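The lines below spell out each chain.
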Amino acid sequence: MAYDFKAVESKWRTRWKENPYYKTKDNCQDKKYYCLDMFPYPSGAGLHVGHWKGYVLSDVYARIKWHQGYNVLHPMGWDAFGLPAENDAIRKGIHPKIGTESNISNFKKQLATIGAMYDWDKELNTTDPEYYKWTQWIFLEMFKKGLAYESSIPINWCPKCLTGLANEEVVNGGCERCHTPTEEKPIRQWVLKITDYAEKLLEGLDRLEWSEKVKLMQRNWIGKSQGLVFTAPVKDTGMKIQTFSAHFESFCADTFVVIAPDHPLLPDLLEGTPTKNEVLEFCAELVRKRAERGNEAEKESEGIFTGRYIVDPIGNGDLPIWVASFAIKDYGTGIVKCSAHDERDFKFAKKYNIPLKPVLFPEDKEQAARVANLEECYTDMVHGILQAPAEFAGKRAGDHRQDIIEYCEKKGYAQRKTQYKLRDWIFSRQRYWGEPIPLVHCDACGVVPVPESELPIRLPEVERYEPTGTGESPLASVDEWVNTTCPECGSAAKRETNTMPQWAGSCWYFLRYPNPQLADKPFSPEDMKHWMPVDLYVGGIEHAILHLLYARFYVKVLYDLGHLPFDEPFAKLFNQGMVCMKVPGTDRVEKMSKSKGNVVNPDDIVNDLGSDALRMYMMFMGPPELDTEWQTDSIRGVKNFLNRLWAFLTNDKNIALQAADEKSLKRFHAFLKDFTTRIHDFKPNTAVSAIMEYLNDLEADKCVLDKQLLEHFLAAISVMVPHFASELLETLVGKQLADCSWPEYDAALAESDEVTIVIQVNGKTRTSLVKAKDVTQADIEKEAAQAAEKWLAGKTIRKTIFVPNRLINFVATP
């Protein structure tokens, strides 16, 4: 029986399309498993093999749970609004709607070849008005609770995409999508108060089964700092400035102040100084250099004296105010008191000859002398010994942090404050292809929400949708759509013309999947209690900040508003690594992407080698959480292995007519234990190895398969090669995959009768022996010495150390 993978895979894909046995049951009583992929943006480029890595991984776990009797929800949909789709349509000269529909059709064809158990009855599309009706409803819920506000603050403007960007969409100083350096531009925006949820977003991380790497990324982005805010008057002006310090223990050492070059207070601070224009020109140049540098570390800080001083209430006199390139306007207050006990401050002061005064010293006298002579910057706020103020002289700084806070508050020097790096989310875009924001502007009533009964506010059909670049959305010119009446007073009003960002639809889609056809509400309480949270969420770590943070924020808001019975959406998160390609002529590898021209089309692989070969290779190519290099020769090796396995299983001589003997039973259950355990531990690459090792033993006649073991074997490997397994189950066992339960290993049978004894000479591993379990030292010592003879030659064994079932070590000397 030849392995015609094309015929086999075509046959079973047709069967599953006609009879998708794995369809989700609308039953909230059965035990459930919600397995979810981060749904894709349907680009014109289509899928490449890198996409398969996550999709196959999630399908393996969804299939296991289905065979274990769970009601599985494993849906797929489309994140189809946003800048990528619109920019692609502009390049092609077509309407975004047409381009999006075409791309989705192509994606669905490609996804069908994976053989994943997607329930297409649960499909959703963020551009469907019946979906974005509820995206608009969620926005209105936030607006009514004061979590959405209008602002004209300067924002990140992409001069190529012609739209505003959230801080999270700026990477290395450039647009996350097109990499063009962003500019600061005042544009009317809608903003969401995600900062109100900073503490809740931090607290929730401790309850999640996520990688520490992703948790740390979110913690760092939220950037919680607890410290003191010091207030001081600016000499010869009526101004007062505030500075925030998270490391305030050495506050008496402060000798100068720095302000960010783009701080909004800077022009007022410079007013009346003779060098105002010179300083402002210097600051503009600092801002330009920072934009060019992006996230690259600054080689050397630059600064300029403003001509102003603060009157230090602590008693250090008049402290000069400098502009410094390292000061960030959005961190703390954007103004920093500086001292000899910060590396960056110390280096800056040395460069510009600003006086320094150390007050924190190490216990080591020689080092303390170097600190006193300003030869070394000492920054240890835990172990350092204070000399000032007098009340803390001789005391260890870290032991008195809270005492110092109380001291500064009592003296009136400062107030305690918790700061966050997180900024409110700029939520609107000046583009066409997005959800209309359901608000109207009325001269009499102000900004008024659209009544829920009028949702969805549909995106109008237009011929021209290109961005204007003026700060106005293209929708502003669609008079018949813009002009409306105020829902409150009935007078003439205008619709909001900014649209929502791409993230709006992806922040809550997982709540809609259980019942995407629900007409009267976004999701039902019964579904939320039953299906949520998501049991396994699979996607790339590149979404750790944007999508995952935003989605958690949405869920926490809906929870606080009483719409959800939970406040975290994803119980377990798994981030698969990227598939990379070697750069020709080098040893360097790069992420597979269309922009680099290094993608491998899965359609070609499926046609040449088969879907199951590609599925198994994606699981075998390395630990799933790591980036791995694509190697065509390796996938051919997997295809050859499947040919071997097929040939062995379809040879009647290899399947026992009688029940398998005890040795074969034990070997099968040992395999099944290894396979199951490795998958459970998210090591599917080693689970594939277990299959290969088992075939080696079958071919070497070390064990046999009977019909029952064959069924269990095929059911187990079906999670990786479903077409292959389905065909052999039907032809060899007379069963359908849909009728197979997940096989459970017998722990007693899986326990091996043999152990590998490591043989060491003087503590170094030299060889090993496979022996019966619980072999004694007396039974193995002579044989082990013979096995290690070449390492013991010319030596005398002085001592033998034996660890039962593990090792024997010969301590020998010449």
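Everything numeric here is computed off the predicted structure, so don't read it as measured data.

Enquirer: What should I look at first to understand the overall build of the chain in this one?
Expert: Looking only at helices and strands, the chain has 27 helices and 36 strands in total. C-alpha extents for the chain along the principal axes are approximately 100 × 85 × 55 Å. Residue pairs in contact within the chain that sit at least 24 positions apart in sequence constitute 72% of those at least 6 positions apart. Per element, the accessible surface of the chain, about 36200 Å² overall, is 48% carbon and sulfur. Looking at the chain, you have 100 positive and 115 negative side-chain charges, and the mean spots of the two groups are 3 Å apart.

Enquirer: I'm lost on the pattern of salt bridges in this one. Help?
Expert: Charged atoms that come close allow side chains of opposite charge to pair. Here the structure, examined in full by the defined rule, presents 53 salt bridges. Put simply, Lys351 and Glu300 hold a salt bridge, and the shortest N to O gap is 3.3 Å. With a gap of 51 residues between them, Lys351 in helix α10 (residues 343-351) and Glu300 in the loop between α9 (276-293) and β15 (303-312) connect regions that are remote in the sequence. Overall, Lys351 belongs to the partly exposed group, its relative accessible area being 35%. Across the pair Glu466 and Arg464 runs a salt bridge whose closest N-O atoms are separated by 3.7 Å. Note on Glu466: relative accessible area 31%, which makes it partly exposed. For Arg464, a relative accessible area of 66% gives the class exposed. Bridged by salt links that share partners, the residues Glu203, Arg207, Arg552, Lys556, Asp567 and Glu568 form one connected network.

Enquirer: I would appreciate a short explanation of helix α5 (residues 129-144) in the present structure.
Expert: Owing to its 3.6 residues per turn, the α-helix aligns residues three or four sequence positions apart on the same side. The terminal C-alpha atoms of α5 lie 22 Å apart, and with 16 residues this matches the ideal 22 Å at 1.5 Å per residue to within 8%. Residue Asp128 occupies the N-cap position of α5, its side-chain oxygen lying 3.0 Å from the main-chain nitrogen of Glu130.

Enquirer: Looking at this structure, I do not really get the packing of aromatic side chains. What am I missing?
Expert: Given two aromatic rings, one states the distance between the centres and the angle between the planes to describe the pair. Taken as a whole and judged by the stated rule, the model has 54 aromatic pairs. Both rings, one in Tyr509 and one in Tyr513, keep their centres 5.6 Å apart while their planes meet at 75°; by these two values the pair is edge-to-face. One exposure class covers both Tyr509 and Tyr513, and it is buried. An aromatic cluster is present here, built from Phe139, Phe143, Trp190, Tyr197, Trp425, Phe427, Trp503, Tyr550, Phe553 and Tyr554 joined pairwise through their rings. Across from the ring centre of Trp16, 5.6 Å away, lies the NZ or CZ of Arg63, which sits over that ring.

Enquirer: Mind showing me how you'd approach the pairing of strand β1 (residues 32-37) here?
Expert: Put simply, side chains in a regular strand alternate between the two faces of the sheet. Of all six residues that make up β1, six are buried, and the element is covered over most of its length. Going residue by residue along β1, you find Lys32, Tyr34 and Leu36 tucked away on one face and Tyr33, Cys35 and Asp37 tucked away on the opposite face as well. Inspection of the sheet shows β1 paired to strand β2 (residues 71-73) by three bridges, in the parallel sense. Within β2, the position partnered with Tyr33 by the bridge is Val72. Handedness of the crossover joining β1 and β2 through helix α2 (residues 49-67): right-handed.

Enquirer: So what exactly am I meant to see when it comes to the nonpolar core here?
Expert: Nonpolar side chains tend toward joint burial in soluble globular proteins. Counting 92 residues, the largest nonpolar core has Trp630, Leu649, Phe675, Phe713 and Met720 as its most contacted members. If you tally residues by element for this core, the top one is α2, at ten residues. Core analysis: the second largest hydrophobic core is formed by 85 residues, Ala166, Leu205, Cys442 and Val534 among them.

Enquirer: Explain the side chain of Glu711 here, please?
Expert: Of note, Glu711 is situated in helix α23 (residues 707-717). Ignoring anything within four residues of it in the chain, the contact list for Glu711 reads Leu729, Val733, Lys735 and Cys740.

Enquirer: I tried to follow the sheet that holds strand β22 (residues 439-442) on my own but got confused; where do I start?
Expert: Sheets are built from strands paired through backbone hydrogen bonds, the pairs being either parallel or antiparallel. Overall, antiparallel pairing links the four strands, which are arranged β23-β22-β25-β24 in an open sheet. At either end of the open sheet lies a strand with only one pairing partner, and these are β23 (446-449) and β24 (483-485). The sheet shows a mean angle of 40° between the axes of neighbouring strands, taken without regard to direction. Taken together, the three bridges between β24 and strand β25 (residues 492-495) define a ladder with antiparallel strand orientation. Note on β25: the bridge partner recorded for Thr484 is Ala493.

Enquirer: What is the right way to read the environment of Glu141 from this model?
Expert: Within the element layout of this structure, Glu141 appears in helix α5. You can call Glu141 buried: its relative accessible area is 15%. The spacing of Glu141 and Leu561 is 420 residues in sequence and 8.2 Å in space, taken between C-alpha atoms. When sequence neighbours within four positions are dropped, the list of residues in contact with Glu141 reads Leu561 and His563.

Enquirer: How do you make sense of helix α4 (residues 96-112) when you look at a structure like this?
Expert: Taking 1.5 Å of rise per residue, the 17 residues of α4 would be expected to cover 24 Å, and the 24 Å separating its terminal C-alpha atoms lies within 8% of that figure. Among the residues of α4, those classed as buried are Pro96, Gly99, Thr100, Asn103, Ile104, Phe107, Gln110 and Leu111. Each buried residue of α4 lies within a common arc of 130° when the element is viewed along its axis, so the set occupies one face. For α4, the exposed residues set more than 90 degrees away from the buried face come down to Ile98 and Lys109. Looking at the buried side of α4, the elements it contacts are α2, β3 (77-78), α3 (83-92), β4 (124-125) and α18 (602-608).

Enquirer: How should the environment of Leu626 be read in this particular structure?
Expert: Mapped onto the secondary structure, Leu626 falls in the loop between α19 (611-620) and β30 (628-629). What makes Leu626 partly exposed here is its relative accessible area of 44%. The sequence separation of Leu626 and Glu480 amounts to 146 residues, and the corresponding C-alpha distance is 53 Å. Beyond its immediate sequence surroundings of up to four residues, Leu626 is in contact with Lys53, Gly577 and Met578.

Enquirer: In this structure, what is going on with the sheet that holds strand β20 (residues 414-419)? I would like to understand it.
Expert: Spatial strand order, β13-β12-β20: three strands in an open sheet with antiparallel pairing. The strands lining the two open edges of the sheet, one partner per strand, are β13 (240-245) and β20. Strand-to-strand twist in this sheet, taken as the mean axis angle between neighbours without regard to direction, amounts to 35°. Bridge count for strand β12 (residues 225-233) against β20 is six bridges, and the pairing is antiparallel. Bridging from a neighbouring strand, Gln226 pairs with Thr418 of β20. In the packing of helix α12 (residues 401-411) onto the sheet, the strands contacted are β12 and β20, and the crossing angle to β20 comes to about 125°.

Enquirer: I keep staring at unusual backbone geometry and nothing clicks. Help me out?
Expert: Among all residues except glycine, the phi angle is most often negative; among peptide bonds, the trans geometry is most common. At the junction of Ala388 and Pro389, the peptide bond is cis and its omega measures out at 0° in the coordinates. With respect to the helices and strands, the residue Pro389 is situated in the loop between β19 (385-386) and α12. Note that the residue after Met532, namely Pro533, is joined by a cis bond; omega there is 0°. Of note, Pro533 is situated in the loop between α16 (525-531) and β26 (536-540).

Enquirer: Just checking my understanding: could you explain the packing of α19 against helix α22 (residues 684-699) for this structure?
Expert: Think of two packed helices as two axes; the pair is described by the angle between the axes and how far apart they sit. For the pair α19 and α22, the least separation of the axes is 7 Å and the interaxial angle reads 120°. Put simply, α19 runs oblique to α22. Of α22, the residues touching α19 (which contributes Met616, Met619 and Phe620) are Pro684, Asn685, Val688, Ser689, Ile691 and Met692. Across the contact of α19 with α22, the residue classes break down as seven nonpolar, two polar and no charged.

Enquirer: It is not clear to me how the environment of Arg188 should be interpreted in this structure. Could you clarify?
Expert: Structurally, Arg188 is set in the loop between β10 (183-186) and β11 (189-192). Other than its neighbours up to four places away in sequence, Arg188 contacts Glu150, Ser151, Ser152, Ser428, Gln430, His441, Glu496, Thr497 and Asn498. A distance of 2.8 Å separates the side chain of Arg188 from the side chain of Glu150, its partner in a polar contact.

Enquirer: Help me out: how do you make sense of the packing of helix α7 (residues 212-222) against helix α17 (residues 546-560) in this one?
Expert: It is at 11 Å that the axes of α7 and α17 come closest, and there the two elements cross at 75°. Considering the angle they form, α7 stands roughly perpendicular to α17. Only Leu548, Leu549 and Arg552 of α17 make contact with α7, whose side of the interface consists of Val214, Gln218, Trp221 and Ile222. Per-class residue counts for the contact of α7 with α17 are five nonpolar, one polar and one charged.

The rules behind the values
- Residues numbered from 1 in each chain as written.
- Predicted model: local features only at pLDDT ≥ 70, side-chain atom pairs only at ≥ 80, totals over all residues.
- Heavy atoms only, no water.
- Helix = DSSP H or I, 4+ residues; strand = E, 2+ residues; numbered from the N terminus.
- Contact = heavy atoms within 4.5 Å.
- Areas by Shrake-Rupley, 256 points an atom, 1.4 Å probe, with all protein chains shown as cover.
- Lys, Arg positive; Asp, Glu negative; His and termini not counted.
- Charge placed at Lys NZ, Arg CZ, Asp CG, Glu CD.
- Salt bridge = Lys/Arg side-chain N within 4 Å of Asp/Glu carboxyl O.
- Buried < 20%, exposed > 50% of the residue type's maximum accessible area, 1.4 Å probe, protein only.
- Expected span 1.5 Å × (residues − 1).
- Polar contact = N/O pair within 3.5 Å; in protein donor to acceptor, adjacent residues only side chain to side chain.
- Phe/Tyr/Trp six-rings, centres within 6.5 Å; stacked < 30°, edge-to-face > 60°.
- Lys NZ or Arg CZ within 6 Å of the ring centre and 35° of its normal.
- Pairing = 2+ DSSP bridges.
- Right-handed = clockwise from strand over helix to strand, strands pointing away.
- Core = buried A, V, L, I, M, F, W, Y, C linked by side-chain atoms within 4.5 Å.
- Axes fitted to C-alpha atoms, helices over the stretch in contact; angles between N-to-C directions.
- Arc of directions from axis to C-beta.
- Parallel < 35°, antiparallel > 145°, perpendicular 65-115°, else oblique.
- Nonpolar A, V, L, I, M, F, W, Y, C, P; charged D, E, K, R; others polar.

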